[in-house]
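The lines below spell out each chain.
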Amino acid sequence: MNDPVKYVTPGRREAPVEVHRPTPLAPVPSAPVVPVQPGTIPAVTSVVLPDGRVVTGYALAPVKPEPVAAKPPVSRAAVNIALGGIGFGAVCGGLFLLTAFITALTALITQLITLAVVIFGGWVAVQVFSVSGHGSGTTVNIRKAVFKRNGFHG
């Protein structure tokens, strides 16, 4: 039984493998075992297996899990994220309306300026290019101005 075992693979030579088996240690003398009676005698339970064997043993008390603190149905983080999303959506909608209002106001001011330029420009053109038969206009004489030694002499 302690002979080396040879494993031979076809076409290949291998060294024999040695199998080592541990030797048991001598028993160490220990304190005598004193039977201790439990405070209450547990119930002995027998179970019949499908093949007809009967297994007898002590029933284990079910382990009760530690009570878990009741959690709210929705976490606070989820509520905060949802409220932040609603607030962000409201701000985005408000910003969209604000930009639309500013765009419309800019277009209105541009049209008013254009209308004023057309009307006032037309009035100025009529005044300049009209031929009037009466002499109620203002006459302006333009003459040569003379500058001598940094002084104006008209």
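### With respect to the overall build of the protein chain
- When its secondary structure is counted, the protein chain shows one helix and four strands.
- Here the protein chain holds 154 residues, and the buried ones make up 0% of them.
- Relative to all contacts within the protein chain whose residues are 6 or more apart in sequence, the contacts with residues 24 or more apart total 0%.
- Carbon together with sulfur atoms contributes 68% to the accessible area of the protein chain, which is approximately 15500 Å² in total.

### As for the pairing of strand S1 (residues 44-48)
- In terms of strand pairing, S1 meets strand S2 (residues 54-58) through five bridges, oriented antiparallel. Paired with Val47 across the bridge in S2 is Val55.
- Once S1 ends, the chain turns through five residues before running back antiparallel as S2, passing Gly52 with a positive phi of about 100°.

### Structural notes on the pattern of salt bridges
- Evaluated as defined, the whole model comprises one salt bridge.
- Its salt-bridge partner being Asp51, residue Arg53 comes within 2.8 Å of it at the nearest N-O pair.
- Judged by its relative accessible area of 53%, Arg53 falls in the exposed class.
- Among the residues examined, Asp51 registers a relative accessible area of 52% and is labelled exposed.

### A short note on the confidence of the model for the protein chain
- Per-residue confidence for the protein chain gives a mean pLDDT of 76; residues scoring 70 or more make up 67%.
- The least confident element of the protein chain is strand S4 (residues 151-153), whose mean pLDDT is 59; the most confident is helix H1 (residues 76-129), at 88.

### Side note on the environment of Asp51
- With respect to the helices and strands, the residue Asp51 is situated in the loop between S1 and S2.
- Side chain to side chain, Asp51 and Arg53 meet in a polar contact 2.8 Å long.

### Some thoughts on the environment of Ser46
- Note on placement: Ser46 falls in strand S1.
- Separated by twelve residues in the primary sequence, Ser46 and Tyr58 have C-alpha atoms spaced 8.5 Å apart.
- Leave out the neighbours within four places in its chain, and Ser46 touches Val54, Val55 and Thr56.

How each quantity is defined
Numbering of residues starts from 1 in every chain and runs along the sequence as written. Thresholds applied to this predicted model are a pLDDT of at least 70 for local features of residues and 80 or more for the giving and counting of side-chain atom pairs; totals over whole chains, interfaces and linings are not thresholded and use all residues. Values reported for side chains reflect all heavy atoms of the structure, with hydrogen atoms and water molecules removed beforehand. Put simply, DSSP H or I for four residues or longer makes a helix, DSSP E for two residues or longer makes a strand, and each gets a number counted from the N terminus. Think of it in three bands: residues with accessible area under 20% of the maximum for their type are buried, residues over 50% are exposed, and the middle band is partly exposed, with areas taken using a 1.4 Å probe on protein chains only. Any two residues whose heavy atoms approach within 4.5 Å are treated as being in contact. With residues, only the protein chains shown are counted as cover, and all accessible areas are computed by Shrake-Rupley using a 1.4 Å probe. DSSP calls a pair of strands paired once it identifies at least 2 bridges connecting them. Think of a salt bridge as a Lys or Arg side-chain nitrogen and an Asp or Glu carboxyl oxygen that are within 4 Å of each other. For every residue, the predictor assigns a confidence score, pLDDT, that lies between 0 and 100. Nitrogen and oxygen atoms within 3.5 Å of one another constitute a polar contact, given that in protein one can donate a hydrogen and the other can accept it, and given that sequence-neighbouring residues count only through two side-chain atoms.

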